[in-house]
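Given next are the chains, with one letter for each unit.
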Amino acid sequence: MADRFDLSAPSERWLWKKATLREPTILQSFAFDEVNRHLYALQLRRGGGVAGHLCLNKLDLEGKRLGHMYLQGFGHGVSVGVQNDPDGTVWIWTEADAKGGYGRGVTRFRFSDGAVRTREDVKVRHPIPGSTHNQPSVCMTSRRIAVRHRVDGEPRYRVWDLDAFVARDYSAPVADFPQTGAHPNAEIPFQGYALDGDHLYQLAGTAYDAKTNPPAMRGNAHISCLDIRTGELLDRQRTEAGHSLDHREPEGLAVRHGSAARLCLGLASGPEGKRRFSIYYKPRAV
């Protein structure tokens, strides 16, 4: 278990009730640029859910916003990835080519503060022809990229070597397996995932609700871990991280590497139109 995160360990607070995202909407997902110590966060533009209009925020590691971009017709923002090239170029991976609010493909682009990008401005990739709900996650440690997607309505994961994927060679994926075990209740919404080496972490749960998910019960959010080599569910734990937050909707997972590796969990709070976000983390198992 030493190479996995301990999902049973208490979560530690990192960022708390930040109101620094460009839009007043909920955080959807986030990822780290570990080379430059930046945090990228996706959110839906106000009123842009059906069209798939997103806002990409660039933050420092204290949560201060350094800039933003608008991505028109890209998708729902369930996940985002960051690729660091040896020459210093930073690529952002997101879903793209939205239909019904979710991406039918994925793309990568460079961050440009204040820019607006449409489908016509990027080169969309369709690595799984005919699939929907495409959502990428990048692991720079293993140099792999995962794409969560749906085929005939069923969610699956496919993982590739990042260099092969960039070269548009999708013929030999490292792994291909169905999504499983994200929550004890299969009806609970999926809220994000993160690829980390041979493991893939999933998040599922809903916001507080007086009847179905009361604050007194400290939420229904679960984090789970799959082995990408077998698709096996290795662990699943309920998390009470941030249970004192109002609204408390789980949104997004991301991994920070280094000597103090962390599995980071996003939580949305605050009233509609004035959303805030918090990030908690769990340590790597010793």
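These numbers were taken from a predicted model, which means no experiment stands behind them.

So, how was this worked out
Residues numbered from 1 in each chain as written. Predicted model: local features only at pLDDT ≥ 70, side-chain atom pairs only at ≥ 80, totals over all residues. Heavy atoms only, no water. Helix = DSSP H or I, 4+ residues; strand = E, 2+ residues; numbered from the N terminus. Rg over C-alpha atoms; globule rule 2.2 N^0.38 Å. Areas by Shrake-Rupley, 256 points an atom, 1.4 Å probe, with all protein chains shown as cover. Lys, Arg positive; Asp, Glu negative; His and termini not counted. Charge placed at Lys NZ, Arg CZ, Asp CG, Glu CD. Phe/Tyr/Trp six-rings, centres within 6.5 Å; stacked < 30°, edge-to-face > 60°. Lys NZ or Arg CZ within 6 Å of the ring centre and 35° of its normal. Contact = heavy atoms within 4.5 Å. Buried < 20%, exposed > 50% of the residue type's maximum accessible area, 1.4 Å probe, protein only. Salt bridge = Lys/Arg side-chain N within 4 Å of Asp/Glu carboxyl O. Pairing = 2+ DSSP bridges. Axes fitted to C-alpha atoms, helices over the stretch in contact; angles between N-to-C directions. Core = buried A, V, L, I, M, F, W, Y, C linked by side-chain atoms within 4.5 Å. 1 Å grid on protein atoms, 1.4 Å probe; cavity = no way out; pocket = protein on both sides within 12 Å on 5 of 7 lines; lining within 4 Å. Points joined across faces, edges and corners; volume = space filled by probe spheres on them. Nonpolar A, V, L, I, M, F, W, Y, C, P; charged D, E, K, R; others polar. Polar contact = N/O pair within 3.5 Å; in protein donor to acceptor, adjacent residues only side chain to side chain.

A. Region of interest: the overall build of the protein chain. Secondary structure assignment for the protein chain yields 1 helix and 20 strands. Over its C-alpha trace the protein chain gives a radius of gyration of 17 Å, about what one expects of a compact globule, namely 19 Å for 286 residues. For the protein chain, the spread of C-alpha atoms along the three principal axes comes to 50 × 40 × 40 Å. Carbon and sulfur atoms provide 46% of the accessible area of the protein chain, an area that totals close to 12,100 Å². With 39 positive and 33 negative side-chain charges, the protein chain shows a spacing of 5 Å between the two charge centroids.

B. Examining the packing of aromatic side chains more closely. In total, this model carries 12 aromatic pairs according to the counting rule given. Aromatic pair Phe165 and Tyr170: ring centres 5.0 Å apart, planes at 55°, arrangement tilted. Taken together, the ring pairs in this structure connect Trp93, Trp160, Phe165 and Tyr170 into an aromatic cluster. Between Arg256 and the ring centre of Phe32, over which it is positioned, the NZ or CZ distance is 5.5 Å.

C. Up close: unusual backbone geometry. For Arg37, which is not glycine, the phi torsion reads 60° and is therefore positive. Note that Arg37 resides in the loop between β2 (27-33) and β3 (38-44). A positive phi angle, close to 70°, is found at His247, a residue other than glycine. Structurally, the position occupied by His247 is in the loop between β17 (233-238) and β18 (249-256).

D. Representation of the environment of Lys282. Structurally, the position occupied by Lys282 is in strand β20 (residues 276-283). Separated by 103 residues in the primary sequence, Lys282 and Gln179 place their C-alpha atoms 22 Å from one another. Beyond its immediate sequence surroundings of up to four residues, Lys282 is in contact with Phe5, Asp6, Leu7, Ala9, Pro10, Ser11, Ile223, Thr239, Ala261, Arg262 and Leu263.

E. The side chain of Glu249, seen in detail. Looking at the secondary structure, you find Glu249 in strand β18. The buried charged residue Glu249 lacks any salt bridge partner; its closest oppositely charged side chain belongs to Arg275, at an N-O distance of 5.6 Å.

F. Seen up close, the sheet that holds strand β12 (residues 154-161). The sheet built from 4 strands is open, its strands ordered β10-β11-β12-β13 with antiparallel pairing. Only two strands of the sheet have a single partner each, and these edge strands are β10 (132-139) and β13 (175-178). When the angles between neighbouring strand axes are averaged without regard to direction, this sheet yields 15°. Of the strand pairs in this sheet, strand β11 (residues 144-151) and β12 are connected by 8 bridges, and their pairing is antiparallel. The residue bridging Ala146 from the neighbouring strand is Val159, located in β12.

G. Looking closely at the nonpolar core. In this structure, Tyr40, Leu56, Met69, Leu71, Phe74, Ile92 and Phe109 are the most contacted members of the largest nonpolar core, which totals 19 residues. Elements with a minimum of two residues in this core: β3, β4 (54-60), β5 (65-71) and β7 (90-99).

H. Inspection of the sheet that holds β17 at higher detail. Spatially, the 4 strands line up as an open sheet ordered β14-β15-β16-β17, and their pairing is antiparallel. Two strands bound the open sheet, and with one partner strand each, they are β14 (190-196) and β17. Taking the axes of each pair of neighbouring strands and ignoring which way they run, one obtains an average angle of 15° across the sheet. Pairing geometry for strand β16 (residues 222-227) and β17, over 5 bridges, is antiparallel. Across the sheet, residue Cys225 finds its bridge partner in β17, namely Asp235.

I. Region of the structure containing the layout of surface pockets. By volume, the largest pocket amounts to about 270 Å³. What lines the largest pocket is a set of 16 residues, among which Pro155, Gln179, Ala182, Ala186 and Ile188 lie closest to the centre. Where the lining of the largest pocket is concerned, the elements lending two or more residues are β11 and β12. Of the residues assigned to the lining of the largest pocket, the class counts are 7 nonpolar, 5 polar and 4 charged.

J. Focus on the side chain of Asp97. In this structure, Asp97 sits in strand β7. Assessed through its relative accessible area of 9%, Asp97 is described here as buried. Side-chain polar atoms of Asp97 contact the side chain of His126, separated by 3.1 Å. For Asp97, the contacting residues outside a window of four places in its chain are Gly73, Phe74, Tyr102, Gly103, Arg104, Gly105, Arg119, Val124 and His126.

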